[in-house]
Amino acid sequence: MTGGETLTAKTKPVVDRYGDVVQPAGEREIHGCVVGLQGQADINGGGVWDGDATTLEVLAPPGTVVEEGAVIICRGLEYTVSHVPFDWSVGRRPVNARHRPRVRFLIDRGEA
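Because the structure is predicted, anything quoted here is derived from the model rather than measured.

Student: Which parts of the structure should I look at to understand the environment of leucine 37?
Tutor: Examined against the element boundaries, leucine 37 turns out to sit in strand 4 (residues 26–43). Exposure remark for leucine 37: the relative accessible area of 32% places this residue in the partly exposed category. For the pair leucine 37 and alanine 53, spaced 16 residues apart in sequence, the C-alpha to C-alpha distance is 6.1 Å.

This is how it looks when you write it as structure tokens:
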């Protein structure tokens, strides 16, 4: 997939039932994401855009697996997935073969 931003997802360590680490924590890249402010709105048609800069909406390539609560690094800052991801491509057959519905999820900055 060409274009878009590359996000980094931090993975948690996988442990077995005895508490031993089976797979250490790591990072994986998600290429081709479209990132924007969540809830953008044009106020009164005056060219003033309103949006919450601490919450971003991410449209990732189809089949991307991200869990709620996962840590995502976007533009050098750490965000947490605050909304259950939804894959729009499951069960769909687009008329145009180039159309690829994406996975949508929200990431939150969570500054105190």
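Student: What am I meant to see in the packing of aromatic side chains here?
Tutor: When we look at a pair of aromatic rings, we describe it by the centre distance and by the angle of the planes. Taken as a whole, this structure holds 1 aromatic pair when the rule is applied. Measuring from ring centre to ring centre gives 4.8 Å for phenylalanine 86 and tryptophan 88, while their planes differ by 75°; the resulting arrangement is edge-to-face. For phenylalanine 86, a relative accessible area of 45% translates into the label partly exposed. Of the residues examined, tryptophan 88 reaches a relative accessible area of 38% and is grouped as partly exposed. The residue whose ring lies beneath arginine 109 is tyrosine 79, and the NZ or CZ to ring-centre distance is 5.9 Å.

Parameters at a glance
Residues numbered from 1 in each chain as written. Predicted model: local features only at pLDDT ≥ 70, side-chain atom pairs only at ≥ 80, totals over all residues. Heavy atoms only, no water. Helix = DSSP H or I, 4+ residues; strand = E, 2+ residues; numbered from the N terminus. Buried < 20%, exposed > 50% of the residue type's maximum accessible area, 1.4 Å probe, protein only. Phe/Tyr/Trp six-rings, centres within 6.5 Å; stacked < 30°, edge-to-face > 60°. Lys NZ or Arg CZ within 6 Å of the ring centre and 35° of its normal.

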